[in-house]
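These are the residues of each chain, in order.
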Amino acid sequence: MNWLLLLEQILNGFQLGLLLFLLAAGLTLVFGIMDMVNLAHGSLYMMGAYFCATFTGWTDSFILGAILTLPAVFILGVVVEMIALRTLYSRDHLDQVMATFGLILFFNEATRLIWGPIGLVIPLPDFLNETVEIIPGAPYPAFRLAIILVGFIVAGLLYFIVARTKLGMLIRAGASNREMIGALGINIRLLFTLVFGLGAALAGLAGLMAGPILSVEIGMGESILILTLVVIVIGGIGSIKGAFIAAILIGLIDTVGRSFLPEILNLVLPEASAATAAPAISSMMIYLLMTLVLAIKPQGLFPPRGVGR
Amino acid sequence: MTISSRHILNTALLVFLGLIPFITDWMGDSFYTGLVARILILAIAALSLNLLIGYGGMVSFGHAAYIGVGAYCVGIGAFHAFEDGIDWMLNGYVQLSAALLGSALIALIIGAISLRTRGVYFIMITMAFSQMLYFSAVGVETYGADDGLTIYLRSDMLGLIDLNDEKSLYYLIFASLLVVLYLMHRLVESPFGNVIRGTRSNEARMRAIGFSPYKYRLTAFVIAGTIAGYAGFLMANLNDFVSPDMMHWTRSGDLIIMIVLGGMASLFGPLYGALAFLMLEELLSSIPLTIGGLHVGEYWQLIFGPLLILIVLFARNGIDSFLPQPRKSS
Amino acid sequence: MTANDILIVENLVKRYDGLLATDELSLTVREGELHAIIGPNGAGKTTLIKQLTGEIPSDGGKIIFNGRNLRRHSEPKRSHLGLARSFQITSLFQNFTVLENIRLAVQAHSGHSFQFWKKVDENKKLNEPAHKILQELELEEQANTPVYSLSHGAQRQLEIAIALATKPKMLLLDEPMAGMSGEDSERLIERLAALKSRYSILLIEHDMDAVFSLADRISVLVYGRAIATGTPDEIRDNEEVRQAYLGEES
């Protein structure tokens, strides 16, 4: 076993996990509070990447581009919520699935129209393009380290907001008892719009950070959306804590599995078939985990109280 | 039973569909026979999914997976017959049995686990299972992985019917549609169908009056999966091609769109929905409008996406609500 | 406790987040008896019904129905043992017709439903018993009316009709008169009086006139405990009951 490789893969796992968490946090709140299935969450992630590519081009600075992207995606989220999603809260899940599926088609096609069918590249400033020696002899890309850092900071901030502020109290109340916030005389519409915008901004943040390492392309939202859904289902819909733990778990399993499964499979299979089977099996492992969790706990690992109505 | 204008409309549609090969012959353009055949196969799959969603309230978001399972049974059989000369694997009845049994078994496993959950969790877990199958197809290099398999030899039905003849294949598909329609009609009005519909309407009351819905729902899940597997068998023979993309979750989304488009509460809804879905695709993508050098038709989903939202918001029963309403029979 | 107790509840417990909804509750219902349960809102009456039917699990205690311990029996199974229930908040198959509602209940007790071909419409074994119950509850005229277009009073009737269609030994009626007009509830009182001879009944009701005219025995539930059980006269004269409950009402 190569310990340095393992360390690197674990870091990569955290990095993917934290990206997933940024996406899952917004999605699980929307699910939990508004009882709304939003398949278009991945589109907001994609828009984050595209906005950032454009703004970075305009300003010649990734940092400025990123700073401009966040409010832009927030506003986009608010607009989408007000135009299309607001009326869907009272509908059943099937309607929500359909309508947000329509949104995905719209966003993908609009992106193709505006930015063209070919993917974009987000250039990084020099200091993020370097590698850092985490321990002597183990260089690690600075940008990936930055993602981990930002991810943890945002997770901490979110925890603070949800656990300590009035907004957080309303969010928690909403996730466990929807009627109650109505009874408190809170402007629910505003709260929902705000939460949706916040979730959009988080998705955008994930998108702009994923852009430079993956590629900025149409459809990038769909593949990660499914992973995100798996995360929130495993974590328990409406639970930030559950989303965090599940996201890190999925991130680690996916990355570490992908790089070490071939070696493990080699023990039982001939090399050629191990090499081809490994990626498929590691993709499947996540779904296997989800199946296992739901078979034992149909409400996920950390169901918020009262949600299981 | 009285004959309503709805019956006349449905019958007219079926007669029209039955005449399609001759109409396209007359038009001299057999492309449309293939297109309609594809629509009918998707209609068969959508009909089976409607048993779950429309009648049973089980929003399964992984139905395309069973189509894939059925299709791969044909693809794999044809592959070994072509590459390795294993003739029995080209036998259509062997392939068909494999398609039906395989999809039934997989539906049984997926259903047994998924049906323990409710609501959003059910939607997500069925979607996750289908993605699992998708990724396993992607991972199998032998059978083409990402690129899929081209089928050089169609199923050999031992002289009973020649699937290489486009007309025979069309009529097999058409007859299958009729059978599935009739099957659904009987099923929905049978005691079994009543349990499925009753559970959708009020599960708590079903339990209170003495039903254990789980086993009935699981049975419905397996029936629907098996019919979708059969649709896959037909699809592989029609397209001469199978690929993991057939199982992608967005394909399952397409099937749900068809049901919603057509109207969930009616027997013929999925057929109308499948027709409308693919016609819309054809129609929108051939809009002869050019704005600023851009062909609008090329970006048809830009129109289709919002249209879908509008349909969900304002036409809850889809096409069904625009057709003459049948009187409530009972 | 005598041999003809059809239902015996012993030290039944239900906790919600540390709160005792049912607190060591014990009571018995005799064969053929109409046993009413009264108590202020939040006394745990509906919780008790849910525990009896198995809709929610109990955290302690014993339920013995017709000589059988119900611990391991699921809700559907208890229905097959002869325990039927009506819901406080109307719980019907809204898009089904009245006949279809009742027929479904008949179907639940006519063997398994893995019958995929024969239409229920043409199935005499289901339709005849269903029509009988329609007749009995004077719902015949509305047989083909969908439930959602039925009046509230008729929906409450149907609640009971469905319960009867399951061929029960005992009825658990959860506020059958909830929201009914005076005329409707008078008719229902007559109906219950007629049913009384044929079924054992556990009745939860807020309408005191109904309770005191119908019940053979009454139990008073306060904070998940039965504080008194007795004949209507005994309950009327019980000092503790007056303080805890009746005093507030009258």
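If you're wondering where the values come from, they're calculated on a predicted model, not measured in any experiment.

### Notes on the overall build of chain B
Thought 1: When its secondary structure is counted, chain B shows 12 helices and four strands.
Thought 2: The principal-axis extents of the C-alpha atoms in chain B amount to approximately 60 × 50 × 45 Å.
Thought 3: Pairs at least 24 apart in sequence give 76% of the contacts found in chain B among residues at least 6 apart.

### Side note on the overall build of chain A
Thought 1: Broken down by element type, chain A carries 12 helices and two strands.
Thought 2: Along chain A, helices (α) and strands (β) appear in the sequence α-α-α-α-α-β-β-α-α-α-α-α-α-α when read from the amino end.
Thought 3: On C-alpha atoms alone, chain A measures out to a radius of gyration of 20 Å, which is about the 19 Å that the 2.2 N^0.38 rule sets for 309 residues.
Thought 4: By its C-alpha atoms, chain A is 60 × 50 × 35 Å across when sized along the principal axes.

### Notes on the interface of chain B and chain A
Thought 1: Each partner contributes to the interface: chain B provides 36 residues, whereas chain A provides 38 residues.
Thought 2: Elements with a contribution of two residues or more to the side of chain B that touches chain A: helix 5 (119-139), helix 10 (249-262) and helix 12 (301-314) of chain B.
Thought 3: Of the residues forming the side of chain B that touches chain A, the biggest block, 15 residues, is contributed by helix 5 of chain B.
Thought 4: Class assignment of the residues belonging to the side of chain B that touches chain A gives a composition of 26 nonpolar, eight polar and two charged.

### Describing the packing of helix 1 (residues 5-27) of chain B against helix 2 (residues 31-55) of chain B
All names here are of chain B.
Thought 1: Following both chains from N to C, one finds helix 1 and helix 2 inclined at 165 degrees, their axes separated by 9 Å at the closest point. Taken together, the axes of helix 1 and helix 2 are roughly antiparallel relative to one another. When you trace helix 1 past helix 2, the crossing you get is left-handed. In contact with Leu-17, Ile-20, Pro-21 and Thr-24 of helix 1, helix 2 contributes Tyr-32, Thr-33, Val-36 and Leu-40.
Thought 2: Classifying every residue of the contact of helix 1 with helix 2 by side-chain character gives six nonpolar, two polar and no charged.

### Describing helix 2 of chain B
Residue and element names in this part refer to chain B.
Thought 1: Taking 1.5 Å per residue, 25 residues should reach 36 Å; helix 2 reaches 35 Å between its end C-alpha atoms and fits that length.
Thought 2: Helix geometry: helix 2 is bent most strongly at Leu-49, by close to 40 degrees.
Thought 3: Most of helix 2 is tucked away, with 19 of its 25 residues classed as buried.
Thought 4: Looking at the residues trailing helix 2, positive phi occurs at Gly-57, about 65 degrees.

### Describing the environment of Ile226(A)
Thought 1: Relative to the helices and strands, Ile226(A) is located in helix 10 (residues 220-235).
Thought 2: Residue classification places Ile226(A) among the buried residues on the basis of 21 C-beta atoms within 10 Å.
Thought 3: Each C-alpha atom of the pair Ile226(A) and Pro303(A) lies 20 Å from the other, and the pair is 77 residues apart in sequence.
Thought 4: The residues touching Ile226(A), leaving out its near neighbours within four places in the chain, are Met127(B), Gln131(B) and Trp249(B).

### Points about the interface of chain C and chain B
Thought 1: At the interface, 32 residues of chain C touch 22 residues of chain B.
Thought 2: Residue composition of the side of chain C that touches chain B, grouped by class: 13 nonpolar, 13 polar and six charged.

### Let's talk about unusual backbone geometry
Thought 1: Positioned with a positive phi, Asp60(A) is a non-glycine residue whose angle comes to about 65 degrees.
Thought 2: The topology assignment puts Asp60(A) in the loop between helix 2 (41-59) and helix 3 (62-85).
Thought 3: A count of 10 C-beta atoms within 10 Å places Asp60(A) in the exposed class.
Thought 4: The phi torsion at Ala145(B) lies on the positive side, around 45 degrees, for a residue other than glycine.

### Some thoughts on the sheet that holds strand 6 (residues 83-86) of chain C
Residue and element names in this part refer to chain C.
Thought 1: A sheet is described by the order of its strands in space; here six strands give the open sequence 6-7-8-3-9-10, paired in mixed fashion. The open sheet has two free edges, formed respectively by strand 6 and strand 10 (225-230), since each of these has just one partner strand. Adjacent strand axes in the sheet meet at a mean angle of 20 degrees, parallel and antiparallel pairs treated alike.
Thought 2: Pairing geometry for strand 3 (residues 34-38) and strand 9 (residues 217-222), over four bridges, is parallel. Along strand 9, the bridge assignment pairs Ile-37 with Ser-219.

### Regarding the confidence of the model for chain B
Thought 1: For chain B, the average pLDDT comes to 90, and 98% of its residues sit at 70 or higher.
Thought 2: Confidence, expressed as mean pLDDT per element, reaches its minimum in chain B at strand 4 (residues 294-295) of chain B with 74 and its maximum at helix 9 (residues 213-239) of chain B with 97.

### Thoughts on the arrangement of the chains
Thought 1: Of all two pairs of chains sharing an interface, the pair with the highest contact count is chains A and B.
Thought 2: Left apart from each other, chain A and chain C have a closest C-alpha approach of 10 Å.

### A word on the pairing of strand 2 (residues 138-141) of chain A
Residue and element names in this part refer to chain A.
Thought 1: Bridge count for strand 1 (residues 131-135) against strand 2 is four bridges, and the pairing is antiparallel. Bridging from a neighbouring strand, Thr-131 pairs with Pro-141 of strand 2.
Thought 2: In sequence, strand 1 turns back onto strand 2 through a hairpin of two residues, with Gly-137 there showing a positive phi of about 85 degrees.

### Digging into the packing of helix 1 (residues 3-34) of chain A against helix 10 of chain A
Residue and element names in this part refer to chain A.
Thought 1: It is at 9 Å that the axes of helix 1 and helix 10 come closest, and there the two elements cross at 65 degrees. The chirality of how helix 1 crosses helix 10 is right-handed. For the pair helix 1 and helix 10, the contacting residues are Leu-20, Leu-23, Ala-24, Leu-27, Thr-28 and Phe-31 in the first and Ile-224, Leu-227, Thr-228, Val-231, Ile-232 and Gly-235 in the second.
Thought 2: For the contact of helix 1 with helix 10, the per-class residue count stands at nine nonpolar, three polar and no charged.

### Things to note about the nonpolar core
Thought 1: Core analysis: the largest hydrophobic core is formed by 279 residues, its most contacted members being Val230(A), Val231(A), Ile41(B) and Ile102(C).
Thought 2: Residues contacting Ile41(B), with those up to four places away along its chain left out, are Ile173(B), Ala231(B), Leu234(B), Met235(B) and Leu238(B).

### Description of the confidence of the model for chain A
Thought 1: Mean pLDDT over chain A stands at 85; residues scoring 70 or higher make up 92%.
Thought 2: Averaged pLDDT values over the elements of chain A bottom out at 65 in helix 8 (residues 178-183) of chain A and peak at 94 in helix 2 of chain A.

### Focus: the sheet that holds strand 4 (residues 60-65) of chain C
Residue and element names in this part refer to chain C.
Thought 1: Spatially, four strands are ordered 2-1-4-5 in an open sheet, and the strand pairing comes out antiparallel. The open sheet has two free edges, formed respectively by strand 2 (19-30) and strand 5 (68-69), since each of these has just one partner strand.
Thought 2: Alignment of strand 1 (residues 5-16) against strand 2, held across eight bridges, turns out to be antiparallel. The residue bridging Leu-7 from the neighbouring strand is Val-29, located in strand 2.
Thought 3: Of the strands in this sheet, strand 1, strand 2 and strand 4 are in contact with helix 1 (residues 45-53), which crosses strand 2 at around 65 degrees.

### Some remarks on the environment of Ser181(C)
Thought 1: Inspection of the secondary structure assignment puts Ser181(C) in the loop between strand 7 (170-174) and helix 6 (182-196).
Thought 2: Residue class for Ser181(C) comes out exposed when judged on the 12 C-beta atoms lying within 10 Å of it.

### Details of helix 6 (residues 142-164) of chain A
Residues and elements named next belong to chain A.
Thought 1: Between its first and last C-alpha atoms helix 6 spans 32 Å; for 23 residues at 1.5 Å apiece the expected length is 33 Å, and the two agree.
Thought 2: Inspection of helix 6 places Phe-143, Arg-144, Ile-147, Gly-151 and Leu-158 among the buried residues, and these make up the whole buried set.
Thought 3: On its buried face, helix 6 is in contact with helix 1, helix 5 (126-129), strand 2, helix 9 (188-210) and helix 11 (240-266).

Basis of the calculations
Residues numbered from 1 in each chain as written. Chains lettered and ligands numbered in written order. Predicted model: local features only at pLDDT ≥ 70, side-chain atom pairs only at ≥ 80, totals over all residues. Helix = DSSP H or I, 4+ residues; strand = E, 2+ residues; numbered from the N terminus. Contact = placed C-beta atoms within 7 Å. Rg over C-alpha atoms; globule rule 2.2 N^0.38 Å. Nonpolar A, V, L, I, M, F, W, Y, C, P; charged D, E, K, R; others polar. Axes fitted to C-alpha atoms, helices over the stretch in contact; angles between N-to-C directions. Parallel < 35°, antiparallel > 145°, perpendicular 65-115°, else oblique. Left-handed = near helix turned anticlockwise from the far one by under 90°. Expected span 1.5 Å × (residues − 1). Bend = angle between axes of the 7 residues up to and from the residue. Buried ≥ 20, exposed ≤ 12 C-beta atoms within 10 Å, placed from the backbone. Pairing = 2+ DSSP bridges. pLDDT = per-residue confidence, 0-100. Core = buried A, V, L, I, M, F, W, Y, C linked by C-beta atoms within 7 Å.

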